[in-house]
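Each chain, written out:
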Amino acid sequence: MTATTSRLNPNVSAATARAAAKAANEHQPVTFGKALNTALADSLVADNSVVIFGEDVGTLGGVFRITDGLTARFGSERCFDTPLAESGIVGMAVGMAINGMRPVIEMQFDAFAYPAFEQIASHVAKMRNRTQGKLNLPMVIRIPYAGGVGGVEHHCDSSEAYYAHTPGLKVFTPSCVEDAYLMLREAIDSDDPVVFFEPKKLYWSKEQVDLAQLAEQYEAKKSARTEGQARIARPGSDATLITYGPSVSTALEAAKLAAEEGISLEVLDIRSIVPFDDETVCASVRKTGRAIVVAEAQGFASVASEIVARVQERCFHSLAAPVLRVTGFDIPYPAPTLEKFHLPSAERILDAVDQLQWEA
Amino acid sequence: MSTEAHADRISDVSKKFGITPEDYMLPARHMINLLNPDGTLRPEDQQGTEPGHEYPLPSPARLLEAYAALVTGRRVNDQNSALVRQGRMAVYPSSHGQEACQIAAALCLGENDWLFPTYRDTVAVLTKGVAPMEVMTSFRGEWHCGYDPKAYNCAPMSTPLTTQLLHAVGVAHAAKLRGEDTVVVAMCGDGATSEGDFHEALNFAAVFNLPVIFFVQNNKYAISVPLSQQSAAPSLAHKAVGYGMAGERVDGNDLMALMAIMTRAVRMAREGNGPLLIEAHTYRMQAHTNADDDKRYREDSEVQEWIAKDPVTRMKAYLDDAGLLTDSTVAKITADAESVAKTLRDGMNQEANTDPRELFEHVYSAKTPQLAEQQAMLVDELDREEA
Ligand SMILES: Cc1ncc(C[n+]2csc(CCOP(=O)(O)OP(=O)(O)O)c2C)c(N)n1
Ligand SMILES: [Mg+2]
């Protein structure tokens, strides 16, 4: 096996790929998973230095099929299987990033990224700083995360806080099909390492999104960019639900129910946990005067805790009630039959809304 | 690559040497050793070589070059230890006694080849060409590694044990995908071979057939813990066969043997024969770092035994006997070493020039709003202090 430069050039033009995607897209809604898959494919086309690897990502296309078809289309130099070793995958990606590549690697499940934690915390996060900016590591670590899919032990962790707590990493998590595409492309194009959390319960969710058009806009550097900004998923005026990833859909459900009772909830999707968009979050809370942070992860020392702290530090004088949290319990993720008791539900969110001192 | 392809590759190389794949992958029965401790050349039948495990002697010019670097390496180690004692440097893990390994690991590499060193490998980093004061930056207690890894093809010295071996694998892999000719030497200690990343790195390098030479300096201790408590393997070099690569043992205080082995290893790797594992038997003649007390775990008599096998005196005796060390050569080698030591002394005697404001500059490619805020706070504190 002797690779040459030409092998890195896929025999497909961006235009052909787009036309095909467009035709496929015209009549059918696209899944979150397909949006990720398309973002990977478009990145492979756009940049010869992008390489994808991980466990079962080659022939199989990943256990969630997010890399489906990439090896067949781009060849095994661009998308390939590695031995089973998460530290090895991340560590090798560090070296490839040092040497001019943009690795996009897949951890098979949230809890199986833990063997790689030393590489991530000690090298991925610190290489740029340690070398005074001489070596940056443009790499993406994709992690399917969180529950709600009836997964067994070790398959449902919400591990975002570990990474968000580590300076030098960016931490993204999309919650809708459009963002799945855009944010993954932005992560791959980022010169900083990004830990990219994919809520696995959303993989099969569908929306009517024209990915080909989105791709064109993204590549033309037009409006289609998230740039680390929070998104108003639903506008409202009485209170703000601040949330991200898998909990956005639950918060939207709660907002819909609340509207029926005459309460107008604004739902903010954080999108980028690091860097954090204080501006959009605080603007919303100052407007509504009330806030609840909703997140699936256990609440103690969590991203939700951080958001509450930031909001009360910045918006204290606009607040009519304490900022509350609706999070998972501080327990190991429970068995499939019991997860419904653990996960923040629309009802639990509405209970919290009731506690926002409305009588005042 | 299929299982058959891996087997074919090993079988092809072993055939070139006229030996079986097993004999190719397993280390030679004895450690490769060309020079006796007194500097005399060992008889050919006592060099540890055997069919397929033969190592041509380096040329006199090459030996002189290596010896000059060895003298500088020893001088640098001792200068740095002195600077630590004088309080001019925070910490220094000396490779005193291991300098021959340091020189061979770096000197065998070409300009496009990469070196992945540990905290112990200052002398190898210097030999790779990094400027003396740049090498010492982190040991001075600064927050960054001090040099541009890409300018020297030399990674920052790694402290988390064996994590750097995987980065070495990645650099080699990227080069291979682009069709570039890049060999990588990845260094670690004997104790570090127990770490998981050691296993993962060797396995990845073999599975992807990458030109990486894993160079283990077996200096007998991991801080206080002897090798017997790290591994029950017949030798560390024997671990190679488990990954489908070749392993070899060499006297790590014998610069001539090291140069011979590493030169061949680099050539083999460059020719596409896959990774190699080299175990160099040496000894850490001083404590782990200045903060360590080695009297708590080893006898002085053991240290004395190894002092008798010193790599510098050994090489010097050989070159003297061979008539290669003229007075002017010796003078030049000594002067060069002294000049590096002086650079270190002068540099260390100046206060480090660090600006705390810079701590926020390189965490991300662009400062996050949060870091900008925190930096502004520190700047304000500093301004008030100055006012
Ligand atoms: C992952 C990790 N665990 C522990 C340490 C602390 N530590 C630093 S050096 C060392 C001993 C390593 O011994 P060895 O690999 O033989 O190298 P040597 O120091 O002898 O050169 C230890 C335990 C570390 N740096 N990294
Ligand atoms: Mg050791």
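Scroll up to find the structure this text is about.
Each value, and the rule that gives it
Residues numbered from 1 in each chain as written. Chains lettered and ligands numbered in written order. Predicted model: local features only at pLDDT ≥ 70, side-chain atom pairs only at ≥ 80, totals over all residues. Heavy atoms only, no water. Pairing = 2+ DSSP bridges. Helix = DSSP H or I, 4+ residues; strand = E, 2+ residues; numbered from the N terminus. Axes fitted to C-alpha atoms, helices over the stretch in contact; angles between N-to-C directions. Buried < 20%, exposed > 50% of the residue type's maximum accessible area, 1.4 Å probe, protein only. Polar contact = N/O pair within 3.5 Å; in protein donor to acceptor, adjacent residues only side chain to side chain. Contact = heavy atoms within 4.5 Å. Expected span 1.5 Å × (residues − 1).

J.: Would you take a moment to explain the sheet that holds strand β4 (residues 102-106) of chain A for this structure?
T.: Backbone-to-backbone hydrogen bonds pair the strands of a sheet. The strands run either parallel or antiparallel. Residues and elements named next belong to chain A. Strand order in the open sheet formed by 7 strands is β3-β2-β4-β5-β7-β6-β12, and the pairing between neighbours is mixed. Looking along the sheet, the strands with just one partner apiece sit at the ends: β3 (79-81) and β12 (272-274). The average undirected angle you get between the axes of adjacent strands in this sheet is 20°. In this structure, strand β6 (residues 170-172) lies alongside β12, joined through 2 bridges in antiparallel fashion. Among the inter-strand pairings, V171 is bridged to a residue of β12, identified as V274.

J.: Before we go on, may I ask you to explain the side chain of E50 of chain B in this structure?
T.: All names here are of chain B. Here E50 is to be found in the loop between α2 (21-25) and α3 (60-85). E50 gets classed as buried once you look at its relative accessible area, which sits at 17%. Looking at E50, its side chain comes within polar contact range of the main-chain nitrogen of R29, at 3.0 Å. Contacts of E50, omitting those with residues within four sequence positions, involve A28 and R29.

J.: Which parts of the structure should I look at to understand the pairing of strand β14 (residues 324-328) of chain A?
T.: Each regular strand carries side chains that alternate between the two faces of the sheet. Bridge count for strand β13 (residues 291-298) of chain A against β14 of chain A is 5 bridges, and the pairing is parallel. Each bridged residue has a counterpart across the sheet, and for A295 of chain A the counterpart in β14 of chain A is T327 of chain A.

J.: What should I look at first to understand helix α9 (residues 196-207) of chain B in this one?
T.: Since the α-helix packs 3.6 residues into each turn, any two residues three or four apart lie on the same face. Residue and element names in this part refer to chain B. With 12 residues, α9 should reach 16 Å at 1.5 Å per residue; the first-to-last C-alpha distance of 17 Å fits that figure. Taken together, the buried positions of α9 are D197, F198, E200, A201, L202, F204, A205 and A206. Positive phi shows up at N209, right after α9, with a value of about 50°.

J.: Please explain the sheet that holds strand β11 (residues 265-269) of chain A as it appears in this structure.
T.: Residues and elements named next belong to chain A. If you trace the 5 strands from one edge of the open sheet to the other, you get β9-β11-β10-β13-β14, paired in mixed fashion. In the strand order of this sheet, the two ends are held by β9 (231-234) and β14, each with one partner. Geometrically, the sheet is characterised by an average inter-axis angle of 25° between neighbouring strands, direction not taken into account. Bridge analysis of strand β10 (residues 239-243) against β13 gives 4 bridges, and the strand direction is parallel. Counterpart to I242 in the pairing with β13 is V293.

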